[in-house]
Amino acid sequence: MLRNMHSDQFFAKPVFRRAVGRSSRVYAAPRHMLLQSMSERPVILTGFTFTKSTLAAFSERYEIAGHMDKPDPALIPSEAAPHVQALVTTGSVGASDALMAAMPRLSLICCYGTGYERMDLEAARRRNIMVTHGADANAPDVAEMAMGIFLASTRRIARADRMIRRGDWTKRIPNRFGAIAGLTGSKMGILGLGAIGMHVAKRAAAFDMEIGYCNRSKRADVDYPYFPDVMALASWADHLMVCLRSDASNKHIINAEVLKALGPRGHMVNITRGWAVDEVALAEALRTNVIEGAALDVFDEEPYVREEFMPLENLVMTPHFGGGTEHAQGRMTALVKANLDAHFAGKPVVSPVAELRDMAAKPAGRLR
């Protein structure tokens with residue numbers, strides 16, 4: 001008997017298949033069908049809790065053999081491990097050498113989203129496993145969120161909302177939350193002027209802000225002031241927007257010294273990857289007014305359950321959903337499907353991570 005799935009989000013346990021006929025439900029195939037179905041279509045494993053519609057899109061051409069709540073080899077469904085050919089997950093979840101070793105047929109890892117900071121790329125190269133990512137699919141949507149939480153921080157929007165809800169608005173008081181500078185004429189320093197950073201710059205310019213940036217190299221297609229390192233950028237800027245793609249080279253690039261350089265009227269926003277920011281240093285800077293405020297949509301460990309940030313009124317937090325619009329999810333789902341389709345057709349993938357582009361050009365012999 002078929003088991004209906006009613007939740008908008010669910011874990012894929014056994015193989016999920018598209019139902020035949022008028023029904024569009026995705027259902028769990030009976031366990032005795034597992035090995036037969038795995039021989040018919042490429043087999044994927046999920047390492048992230050995707051929506052029902054996203055899983056349905058994946059299951060049109062691929063068998064979803066199971067789901068892992070965490071990137072732990074012990075959580076791979078034992079009956080699926082010998083058959084999994086592709087892992088669909090996120091860069092913030094990641095995949096270790098041990099996880100790859102537990103799936104002997106694994107030849108592709110698709111990161112749903114831009115980042116891939118917790119992927120062991122050295123192990124992937126050694127094992128001839130291609131890794132892809134979401135490239136620029138969600139850049140406009142993340143930039144929207146960046147400006148939203150930036151405004152919430154600089155204009156004290158979240159604090160003011162909480163004040164009214166508590167019943168504390170009993171009379172009009174000037175400068176209730178301290179002096180608010182406003183954005184017009186201020187300097188926005190963008191750390192990482194890639195696709196997201198460029199969309200942030202466009203939106204910040206609409207607020208009449210001056211734009212400066214720090215990148216691995218100077219861009220020839222913009223005339224914004226360029227700064228060779230983050231300390232120089234923070235010293236120049238009134239506010240700092242972190243838009244870089246994190247890797248081992250820039251973990252905790254936002255540290256106590258950078259925050260001090262930003263100054264006591266500065267606001268820092270992290271919209272891309274949590275581990276770019278030293279969270280202990282940030283909590284201390286906010287407690288002691290080294291900077292005026294901050295906003296985070298991403299955290300070093302997610303979900304965030306630690307205590308440092310919880311009491312801080314000058315911090316705005318959202319649960320990593322900057323790219324969580326319908327448009328962005330549609331684009332990211334389509335890109336994952338395009339990478340899966342190209343890979344299993346023996347062609348170069350569409351959006352390989354930069355470090356493995358040379359491998360992507362030579363797909364022959366990767367499938368197993």
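Remember, predicted model here, so these are calculated numbers, not experimental data.

Visitor: Whenever I open this one, the packing of aromatic side chains confuses me. Can you help?
Guide: One pair of aromatic rings is described through two measures. These are the centre distance and the angle between the planes. Applying the stated criterion to the full structure yields nine aromatic pairs. Ring centres of Phe-227 and Trp-236 lie 5.1 Å apart, and the angle between their planes is 40°; this geometry places the pair in the tilted category. You'll find Phe-227 and Trp-236 in the same group, each marked buried. Taken together through their ring pairs, the aromatic side chains of Phe-48, Phe-50, Phe-58 and Tyr-112 make up a single cluster.

Visitor: Can you walk me through unusual backbone geometry in this structure?
Guide: Glycine aside, a negative phi is what most residues show, and trans is what most peptide bonds show. Cis geometry is adopted by the peptide bond preceding Pro-303, which originates at Glu-302 and carries an omega value of -5°. With respect to the element layout, Pro-303 can be found in the loop between strand 12 (293-296) and strand 13 (315-317). Residue Asn-175 is not a glycine yet carries a positive backbone phi of 55°. Phi at Asn-289 takes a positive value of approximately 60°, unusual for a residue other than glycine. Mapped onto the secondary structure, Asn-289 falls in the loop between helix 10 (279-287) and strand 12. What makes Asn-289 exposed here is its relative accessible area of 52%.

Visitor: I tried to follow the sheet that holds strand 13 on my own but got confused; where do I start?
Guide: Paired through backbone hydrogen bonds, the strands of a sheet run either parallel or antiparallel to each other. Strand order in the open sheet formed by six strands is 9-8-10-11-12-13, with parallel pairing between adjacent strands. Whereas interior strands pair on both sides, the edge strands pair on one side only; in this sheet they are strand 9 (210-214) and strand 13. For this sheet, the mean inter-axis angle between neighbouring strands, taken without regard to orientation, is 15°. Sheet topology note: the strand 10 (residues 239-242)/strand 11 (residues 267-270) ladder contains four bridges and is parallel. Opposite His-239, over in strand 11, you have His-267 as the bridge partner. Each of strand 8 (187-191), strand 10, strand 11, strand 12 and strand 13 touches helix 5 (residues 139-154); the most contacted strand, strand 11, lies at about 150° to it.

Visitor: Sorry, what's going on with the environment of Asn-314 here?
Guide: Relative to the elements of secondary structure, Asn-314 occurs in the loop between strand 12 and strand 13. Put simply, Asn-314 and Arg-156 are 158 residues apart on the chain and 8.0 Å apart in space, counted from C-alpha to C-alpha. Leaving out residues up to four positions away in the same chain, Asn-314 has contacts with Arg-159, Leu-286, Asn-289, Ile-291, Glu-292, Gly-293 and Ala-294. A polar contact is formed between the side chain of Asn-314 and the backbone oxygen of Leu-286, at a distance of 3.0 Å.

Visitor: Please clarify how the state of the cysteines should be interpreted in this entry.
Guide: Working definition: the covalent bond between the sulfur atoms of two cysteines is a disulfide. Counted by the stated rule, this structure contains zero disulfides. Looking at Cys-111, it has no disulfide partner, and the nearest cysteine sulfur is the one in Cys-110, 7.9 Å off. Residue Cys-111 is classed as buried on the basis of its relative accessible area of 1%.

Visitor: What's the story with the side chain of His-239 in this structure? I'm lost.
Guide: Note on placement: His-239 falls in strand 10. Looking at His-239, its side chain comes within polar contact range of the main-chain nitrogen of His-267, at 3.2 Å. His-239 has contacts with Phe-150, Thr-154, Leu-183, Ser-186, Lys-187, Met-188, Gly-189, Met-209, Leu-262, Arg-265, Gly-266 and His-267, leaving out every residue within four places of it along the chain.

Visitor: Please clarify how the packing of helix 5 against helix 7 (residues 195-206) should be interpreted in this entry.
Guide: Helix-helix packing is described using two parameters, namely the angle between the two axes and the distance between the axes. Axis separation between helix 5 and helix 7 bottoms out at 8 Å; the angle between their running directions is 50°. What the angle tells us is that helix 5 and helix 7 run oblique. The chirality of how helix 5 crosses helix 7 is right-handed. Two secondary-structure elements touch here, helix 5 through Ala-139, Pro-140, Val-142, Ala-143, Glu-144, Ala-146 and Met-147 and helix 7 through Ala-195, Ile-196, His-199, Val-200, Arg-203 and Ala-204.

Visitor: Sorry if this is basic, but what is going on with the packing of helix 2 (residues 52-59) against helix 11 (residues 326-344) here?
Guide: Taken N-terminus to C-terminus, the directions of helix 2 and helix 11 make an angle of 20°; their axes are 10 Å apart at the nearest point. Viewed along their axes, helix 2 and helix 11 adopt a mutual orientation that is roughly parallel. Classified by chirality, the crossing of helix 11 by helix 2 is right-handed. Listed contacts from helix 11 to Thr-54, Ala-57 and Phe-58 of helix 2 are Thr-333, Val-336 and Lys-337. Class assignment of the residues belonging to the contact of helix 2 with helix 11 gives a composition of three nonpolar, two polar and one charged.

Cut-offs and rules
- Going along each chain's sequence as written, the residues are numbered from 1 onward.
- Since the coordinates come from a predicted model, pLDDT governs what is reported: local features require at least 70, and pairs of side-chain atoms require 80 or more to be given and counted, while whole-chain, interface and lining totals use all residues.
- With hydrogens and water stripped out, all remaining heavy atoms of the structure feed into the side-chain values.
- The rule is short: rings of Phe, Tyr and Trp, with Trp giving its six-membered ring, pair when the centres are within 6.5 Å, and they are stacked under 30 degrees, edge-to-face over 60, tilted in between.
- Under the scheme applied here, a residue whose accessible area is under 20% of the maximum for its type counts as buried, over 50% as exposed, and between as partly exposed, the area being computed with a 1.4 Å probe on protein chains only.
- Secondary structure is summarised from DSSP: a helix means a run of H or I of at least four residues, a strand means a run of E of at least two, and numbering begins at the N terminus for each.
- Strands were regarded as paired on the criterion that DSSP finds at least two bridges between them.
- Angles run from 0 to 180 degrees between N-to-C directions of axes, and those axes are lines fitted to C-alpha atoms, restricted for helices to the stretch in contact.
- Contacts were defined at the residue level, with two residues in contact if any of their heavy atoms lie within 4.5 Å.
- Here a polar contact is recorded for every N or O atom pair within 3.5 Å, except that within protein the pair must consist of a potential hydrogen donor and a potential acceptor, and residues adjacent in sequence are included only if both atoms are side-chain atoms.
- What counts as a disulfide here is a pair of cysteine sulfur atoms lying within 2.5 Å.
- Roughly parallel refers to an angle under 35 degrees, roughly antiparallel to one over 145, roughly perpendicular to one between 65 and 115, and oblique to any angle outside these ranges.
- Throughout, a crossing is termed right-handed when the near helix is turned clockwise from the far one, and left-handed when it is turned anticlockwise from it by less than a right angle.
- Under the scheme applied, nonpolar residues are Ala, Val, Leu, Ile, Met, Phe, Trp, Tyr, Cys and Pro; charged residues are Asp, Glu, Lys and Arg; polar residues are all the others, including Gly.

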